[in-house]
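# Inside the fold
Chain by chain, the residues run as shown.
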Amino acid sequence: MEPLREHFGVPIKINSGFRCKDLNDAVKGADNSYHMKGRAVDIPMHPGWLAYIRDHLPHTELINEGTWIHVAL
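Residues numbered from 1 in each chain as written. Predicted model: local features only at pLDDT ≥ 70, side-chain atom pairs only at ≥ 80, totals over all residues. Heavy atoms only, no water.

### Some words on helix α3 (residues 49–56)
Restricting attention to buried positions, one finds in α3 the residues W49, Y52 and I53. For α3, the arc enclosing every buried residue in end-on projection is 95°, short of the 170-degree limit, so these residues lie on one face. The inward-facing, buried residues of α3 abut α1 (2–8), β1 (40–44), β2 (61–64) and β3 (68–72). (Buried < 20%, exposed > 50% of the residue type's maximum accessible area, 1.4 Å probe, protein only. Helix = DSSP H or I, 4+ residues; strand = E, 2+ residues; numbered from the N terminus. Arc of directions from axis to C-beta. Contact = heavy atoms within 4.5 Å.)

Shown next as structure tokens:
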């Protein structure tokens, strides 16, 4: 996420990063969630961020969740 922060010049709040199985179950995450492997973050949706990540950062998953963006490596 550092290139995203540098490009837009603002801090990035990570709403969700690594999740243990119990927490993942509590938030009804997928059984094979990248969060449980420490390979995903959810960040707030801001203008331009989704397109920048799509076009400039490596990702395995990129999901527009409405008010936040899910990014997995």
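### Points about the sheet that holds β2
Strand order in this open sheet of three strands is β1-β3-β2, and the pairing throughout is antiparallel. With partners counted over all chains shown, the strands left at the sheet margins are β1 and β2, one partner each. Neighbour-to-neighbour, the strand axes of the sheet open up by a mean angle of 15°, direction not taken into account. Of the pairings in the sheet, the one linking β1 to β3 comprises five bridges and is antiparallel in character. (Pairing = 2+ DSSP bridges. Axes fitted to C-alpha atoms, helices over the stretch in contact; angles between N-to-C directions.)

### A word on unusual backbone geometry
One non-glycine residue, K28, adopts positive backbone phi at about 60°. Mapping K28 onto the fold places it in the loop between α2 (21–26) and β1.

### Quick notes on the side chain of S33
As for its position among the elements, S33 is in the loop between α2 and β1. Under the relative-accessibility criterion, S33 is labelled buried at 8%. The contact partners of S33, leaving out residues within four places of it in the chain, are R19 and N24.

### Describing the pattern of salt bridges
All told, the structure shown has four salt bridges when counted by the stated rule. Here R19 ties to D42 by a salt bridge, and the two come within 3.5 Å at their closest N and O atoms. You can see R19 sitting in the loop between α1 and α2 and its partner D42 sitting in strand β1, a full 23 residues away along the chain. Of the residues examined, R19 reaches a relative accessible area of 11% and is grouped as buried. (Salt bridge = Lys/Arg side-chain N within 4 Å of Asp/Glu carboxyl O.)

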